[in-house]
Amino acid sequence: MSAEPLLPRRAFERADLPALRHLVAAGATRAGLDGTANGAFVQAALEIATNAVVHGGGHGTIELRVVGQELRCEVRDGGPGMPDRADTADTADGRGLRLAEALTERLDVSGGPGLRGTTVTLRVRVPESLN
C-alpha cells in the first residue's frame, strides 16, 4: 500500500478488538466517510479482524490508508491460510467474510489452503473532495 496511513500497521489480539473499532472509525472519518458508510466500513473491518483472531492464530495486524480514491483496510494473520472460498460459501465459517464483502465495494483475499497466513483487503471509495 502507498500513501500515509490513517492507522499505521498495528498488531491486535482479541482483547484489542473494542479499541480497534474506535481506531478504524476515527480513520474512516478522517478519510471522509460518515454516517452509514462509516458504520458499514467499520463493521466490515471488525468482521475481518475477528476472523483473524478466531481462525488465524489469535492475533493479526491491521492498517488503514487512502490510496487514490479508495480507503483500504488491510488485515493480516498468521494462521493456516483460508480454505477455498467456495468451501465456506454455505457455512458459518464464511459468514464474516460474506458480510464484510457485502458492506464494502471490494474485498480481496490472498493466502489459501496450505499457505501460512491470510491477507484481506477491504476497499471503499472516498469522497473526491478529500483526495
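Predicted model only: the values in this text are computed from it and were never measured.

Parameters and conventions
Residues numbered from 1 in each chain as written. Predicted model: local features only at pLDDT ≥ 70, side-chain atom pairs only at ≥ 80, totals over all residues. Heavy atoms only, no water. Pairing = 2+ DSSP bridges. Helix = DSSP H or I, 4+ residues; strand = E, 2+ residues; numbered from the N terminus. Axes fitted to C-alpha atoms, helices over the stretch in contact; angles between N-to-C directions. Contact = heavy atoms within 4.5 Å. Salt bridge = Lys/Arg side-chain N within 4 Å of Asp/Glu carboxyl O. Buried < 20%, exposed > 50% of the residue type's maximum accessible area, 1.4 Å probe, protein only. Core = buried A, V, L, I, M, F, W, Y, C linked by side-chain atoms within 4.5 Å. Polar contact = N/O pair within 3.5 Å; in protein donor to acceptor, adjacent residues only side chain to side chain.

Concerning the sheet that holds strand 3 (residues 70-77)
With respect to topology, 5 strands assemble into an open sheet ordered 1-2-3-5-4, the strand pairing being antiparallel. Each of the sheet's edge strands pairs with one partner strand only, and the pair in question is strand 1 (5-13) and strand 4 (106-110). Pairwise comparison of adjacent strand axes, ignoring direction, gives a mean angle of 15° for this sheet. By the bridge criterion, 8 bridges tie strand 3 to strand 5 (residues 118-125) in an arrangement that is antiparallel. Within strand 5, the position partnered with Arg72 by the bridge is Arg123. The sheet contacts of helix 1 (residues 17-31) involve strand 1, strand 2 (59-67) and strand 3, and relative to strand 1 the element is tilted by about 170°.

Focus on the pattern of salt bridges
What the rule picks out here adds up to 8 salt bridges. Between Glu63 and Arg65 there is a salt bridge; the shortest N-O distance is 2.7 Å. Like Arg65, Glu63 is buried. Here Arg106 makes a salt bridge to Asp108, at a shortest N to O gap of 3.2 Å. Among the ionic contacts, a cluster of salt bridges with common partners joins Arg9, Glu63, Arg65, Glu74 and Arg76.

Re the nonpolar core
Counting 31 residues, the largest nonpolar core has Phe12, Phe41, Ile48, Ile62, Leu71, Cys73 and Leu122 as its most contacted members. At the level of elements, strand 1, helix 1, helix 2 (35-55), strand 2, strand 3, helix 4 (95-103) and strand 5 are the ones that each hand at least two residues to this core. For this core, the leading source of residues is helix 2, giving 9 residues. When neighbours within four sequence positions are excluded, Ile48 is seen to be in contact with Val75, Gly96, Leu97, Ala100, Leu107, Val120 and Leu122.

Observations regarding the side chain of Thr119
As for its placement among the helices and strands, Thr119 is situated in strand 5. Other than its neighbours up to four places away in sequence, Thr119 contacts Glu74, Val75, Arg76, Asp108, Val109 and Ser110.

What to know about the side chain of Glu74
By the secondary structure assignment, Glu74 is in strand 3. In this structure Glu74 comes out as buried when scored by relative accessible area, which is 8%. A distance of 2.8 Å separates the side chain of Glu74 from the side chain of Arg76, its partner in a polar contact.

Side note on the environment of Arg72
Among the structural elements, Arg72 can be located in strand 3. The exposure class assigned to Arg72 is buried, which follows from its relative accessible area of 17%. Between the C-alpha atom of Arg72 and that of Phe41, which follows or precedes it by 31 residues, the distance is 9.7 Å. A polar contact of 2.9 Å, which involves the side chain of Arg72, links it to the side chain of Glu70.

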